[in-house]
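Coordinate inspection notes
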Amino acid sequence: MGITERRREFIKVLYELCGKYGKPVHYSLVAQKLGVSKWTAYDLLTALKEEGYVECVYTLNEKGGRSTLAFRTTPKGEKLICEDEKRENLSKVIEEMREHLKILNGLSVNEVLQSSMKEISSIRSPLLKALNISAVLFILSQKLAVNWDSISSTYQTLSRSIDPQSGLLGLTALLIGVIVAKIGLNKYNNLISPKINSLLDRYKELLNELSSRDKEILFDITKDIFGGKILIGEEE
C-alpha cells in the first residue's frame, strides 16, 4: 500500500514523539496523540515497519520487569517528513509570491524597481531574495509590453535546461536583455538600466549562496513566474 495522508500523519507524530522523549516510544503514545485505539496504532506502525518507514525495538521498562515494544522513524521515514515540510513551505512561498506580484503589478516601472530594491535588501533568505528578483523582472516585462513570442524559442530551450543554475542565469539574462532593449528609447533609461544591471549582479551572487536543492526550487518557481502561472494561478 502507498503512503496515504493518514500514514504520513502517523510517521510525523511518531517522529515528533521520539524527538520529545529522546528515545523510541510505545505505540500507545502515538494512539493517544492521534485519538485512535492502541491496536490501530500498532497495526499501522507495523505496516509502516514493513515498508521501511519505521522500526521497532525492545526497550527496558524503567520500573523493572519485562521489556516493552517501542517504535521510531527510520532515515527513510525522516526523509519523507523532510520532503513534506519542504512542500508545505514551498506552497507558502508561492502564495506569498502571488500576493507580491499583485502589489508590484499596481506600481509604475520606476516604483517597482525602487520598492523592490529596498525589500530585497531587507529579506534574509537568499532563496526569497532571488525569487523577488524574478518577480520584479516578470512585472517589468509585463509593464514594458515585452513581446514574449519573439523570445519563445530561446525561453523554451532554457526552461528545459538540466542544470538549474545554467537555466536560471540563462532565463534571467534573456529577460533582462529584452527589458533593457525595450527601455532603450525610454526617457527614464538612465535611471532604470543601472538598477536592472544591479539586480542581475545581485542575482548572480545569490545563486552562489544557494544549495543545489534550493536552486531546483528556484528554477521551478521562476519558470512558473515567467510563464505567468503564479500571478494567475488562482484561475487554474
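Further up the page is the structure itself.
So, here's what we can say about the structure. As the structure is a computational prediction, the values presented were derived from the model and not from experiment. (Residues numbered from 1 in each chain as written. Predicted model: local features only at pLDDT ≥ 70, side-chain atom pairs only at ≥ 80, totals over all residues. Heavy atoms only, no water.)

1. Focus: the overall build of the protein chain
- A count of helices and strands for the protein chain gives 10 helices and 2 strands.
- Of the regular secondary structure in the protein chain, the N- to C-terminal order runs α-α-α-β-β-α-α-α-α-α-α-α.
- Across the 236 residues that make up the protein chain, the buried fraction comes to 39%.
- Sequence-distant contacts, at least 24 apart, represent 66% of the contacts inside the protein chain between residues at least 6 apart.
- Split by element, the accessible area of the protein chain, about 13,300 Å² in all, is 51% carbon and sulfur. (Helix = DSSP H or I, 4+ residues; strand = E, 2+ residues; numbered from the N terminus. Buried < 20%, exposed > 50% of the residue type's maximum accessible area, 1.4 Å probe, protein only. Contact = heavy atoms within 4.5 Å. Areas by Shrake-Rupley, 256 points an atom, 1.4 Å probe, with all protein chains shown as cover.)

2. Some remarks on the packing of aromatic side chains
- Tallied over the full model, the rule gives 4 aromatic pairs.
- Seen from their ring centres, Tyr27 and Trp39 are 6.2 Å apart, and the 40 degrees between their planes marks the pair as tilted. With a gap of 12 residues between them, Tyr27 in helix 2 (residues 27–34) and Trp39 in helix 3 (residues 38–50) connect regions that are remote in the sequence.
- In textbook terms, an aromatic cluster arises when at least three aromatic residues are bridged by ring pairs, as seen for Tyr27, Trp39, Tyr42 and Phe71.
- Stacked on the ring of Tyr53, the Lys or Arg Lys76 has its end atom at 4.5 Å from the ring centre.
- The side chain of Lys223 reaches across the aromatic face of Phe219, ending 4.3 Å from its centre. (Phe/Tyr/Trp six-rings, centres within 6.5 Å; stacked < 30°, edge-to-face > 60°. Lys NZ or Arg CZ within 6 Å of the ring centre and 35° of its normal.)

3. Side note on the packing of helix 1 (residues 5–21) against helix 4 (residues 75–105)
- Remark: helix 1 packs on helix 4, axes separated minimally by 10 Å, with the N-to-C direction vectors making an angle of 105 degrees. By the angle between their axes, helix 1 is roughly perpendicular relative to helix 4. Where helix 1 approaches helix 4, its residues Arg8, Ile11, Lys12 and Tyr15 are matched on the opposing element by Gly77, Glu78, Leu80, Ile81, Asp84 and Arg87.
- Looking at side-chain class alone, the contact of helix 1 with helix 4 contains 4 nonpolar, 1 polar and 5 charged residues. (Axes fitted to C-alpha atoms, helices over the stretch in contact; angles between N-to-C directions. Parallel < 35°, antiparallel > 145°, perpendicular 65-115°, else oblique. Nonpolar A, V, L, I, M, F, W, Y, C, P; charged D, E, K, R; others polar.)

4. Overview of the nonpolar core
- Among the nonpolar cores identified, the biggest contains 42 residues, and Leu131, Leu140, Ile179 and Leu218 are the most heavily contacted of them.
- Elements with a contribution of two residues or more to this core: helix 4, helix 5 (109–122), helix 6 (126–143), helix 8 (164–182), helix 9 (189–209) and helix 10 (212–226).
- Top contributing element to this core by residue count: helix 6, with 10 residues.
- Those residues within four positions of Ile179 in sequence are excluded, and the remaining contacts are Leu137, Leu140, Ser141, Leu144, Val146 and Ile196.
- Within the second largest apolar cluster, 21 residues are counted, among which are Ile11, Val30, Ala41 and Leu69. (Core = buried A, V, L, I, M, F, W, Y, C linked by side-chain atoms within 4.5 Å.)

5. Thoughts on the packing of helix 5 against helix 6
- Where helix 5 meets helix 6, the axes come as close as 10 Å, and the angle between the chain directions of the two elements is 180 degrees. Put simply, helix 5 runs roughly antiparallel to helix 6. Across the interface between the two elements, Val109, Val112, Leu113, Ser116, Glu119, Ile120 and Ser121 from helix 5 touch Lys129, Asn132, Ile133, Val136, Ile139, Leu140 and Lys143 from helix 6.
- In terms of residue class, the contact of helix 5 with helix 6 is built from 8 nonpolar, 3 polar and 3 charged.

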